[in-house]
Amino acid sequence: RECCVDGCSPTLGGGGVILDVSHEINYLNWLVGNICEVKGYFETLSDLEVTSDDISVFLCRFDNNAIGQVHLDMIQHENTRNCKIIGTTGTLEFDFITGTLRFFTQASKKWESIKYHVNFDEVYRNELRAFVNNCMGNKDKLISGRVGKVTMDVIEAVRRSHQFGTAIRLPLYN
């Protein structure tokens, strides 16, 4: 909880939970498809010393008619970060803290697990290397600006949905 307090406060350069834990939006776009509508809420509910949202909950509809539910918060006392995708032929569960991918298929009728390890130091080194290469004119992109804009549009749509009390269609700007 303390790292979120330091990292998510706008006075310290953060933007609240919806900005600072926005990777879940990326995962959904990559794994399920393009988000075309959101209905959501965000608030500061805890007694944490932050001046920005510490919880955001929203529903999203995808272009393929799938429906998703996102819950981002800094309030939980246990360090959790996971993603669950339920489809017509099975279920995937990712636990980013323990490095576990679980999956259940209709065909096997059982859960199977895979442990994985992500070297975040190497991930950040690769990001820094790509940034420097781009500054030097090389086309070494790990992620495009368009992907970042799509994520920011979803965040802005959640904020508008909360403000106006209605679902917001995406893209925001055509």
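Predicted, not measured: the structure shown is a model, and the values here were computed from it. (Residues numbered from 1 in each chain as written. Predicted model: local features only at pLDDT ≥ 70, side-chain atom pairs only at ≥ 80, totals over all residues. Heavy atoms only, no water.)

In this structure, what is going on with the packing of helix α3 (residues 23–31) against helix α5 (residues 145–164)? I would like to understand it.
How two helices pack is summed up by the angle between their axes together with the distance between the axes. The geometry of α3 relative to α5 is characterised by a closest axis approach of 10 Å and an angle of 115° between their N-to-C directions. Comparing the axis directions of α3 and α5 gives the class roughly perpendicular. Considering only the axes of α3 and α5, their crossing is right-handed. Judged by residue contacts, I25, N26, N29 and W30 of α3 engage V147, V150, T151, V154 and I155 from α5. Each residue belonging to the contact of α3 with α5 can be placed in one class, and the counts come to six nonpolar, three polar and no charged. (Axes fitted to C-alpha atoms, helices over the stretch in contact; angles between N-to-C directions. Helix = DSSP H or I, 4+ residues; strand = E, 2+ residues; numbered from the N terminus. Parallel < 35°, antiparallel > 145°, perpendicular 65-115°, else oblique. Left-handed = near helix turned anticlockwise from the far one by under 90°. Contact = heavy atoms within 4.5 Å. Nonpolar A, V, L, I, M, F, W, Y, C, P; charged D, E, K, R; others polar.)

Sorry if this is basic, but what is going on with a nonpolar patch on the surface here?
A cluster of nonpolar residues, L128, F131, V132 and M136, forms a patch on the protein surface that exposes about 440 Å² of accessible area. Of note, M136 is situated in the loop between α4 (120–135) and α5. Given a relative accessible area of 64%, M136 falls into the exposed group. (Patch = residues over 30% accessible without salt bridge, like charges linked within 9 Å, V, L, I, M, F, W, Y side chains within 5 Å. Areas by Shrake-Rupley, 256 points an atom, 1.4 Å probe, with all protein chains shown as cover. Salt bridge = Lys/Arg side-chain N within 4 Å of Asp/Glu carboxyl O. Buried < 20%, exposed > 50% of the residue type's maximum accessible area, 1.4 Å probe, protein only.)

Where do I start with the pairing of strand β3 (residues 67–73) in this structure?
Along any regular strand the residues' side chains alternate between the sheet's two faces. Where strand β2 (residues 55–62) meets β3, seven bridges bridge the pair, whose relative direction is antiparallel. Opposite S56, over in β3, you have L72 as the bridge partner. What sits between the antiparallel neighbours β2 and β3 is a turn of four residues, in which N65 has the positive phi angle 75°. (Pairing = 2+ DSSP bridges.)

Looking at this model, I keep getting lost on α3. Mind explaining?
In an α-helix, one full turn covers 3.6 residues, which means residues spaced three or four apart are oriented alike. Every buried residue of α3 is listed here: E24, I25, N26, L28 and N29. Summarising the contacts, the buried residues of α3 are in contact with β1 (35–43), β2, β3 and α5. Positioned one or two residues after α3, G33 has a phi angle of 140°, which is positive.

Looking at this structure, how should I read the packing of aromatic side chains?
Each aromatic ring pair is described using two quantities: the centre-to-centre distance and the angle formed by the ring planes. Applying the stated criterion across every chain yields a total of five aromatic pairs. Geometrically, the ring pair formed by Y27 and W30 is tilted, given 6.3 Å between the ring centres and 55° between the ring planes. Highlighted residues: Y27 and W30, both in helix α3, separated by three residues, approximately one helical turn. Residue W30 is classed as exposed on the basis of its relative accessible area, which comes to 56%. Seen from their ring centres, F104 and W111 are 5.6 Å apart, and the 50° between their planes marks the pair as tilted. By way of ring pairs, the aromatic residues Y27, W30, F94 and F96 are connected into one cluster. The ring of W111 has R102 sitting right over it, with the charged end atom 4.0 Å from the ring centre. (Phe/Tyr/Trp six-rings, centres within 6.5 Å; stacked < 30°, edge-to-face > 60°. Lys NZ or Arg CZ within 6 Å of the ring centre and 35° of its normal.)

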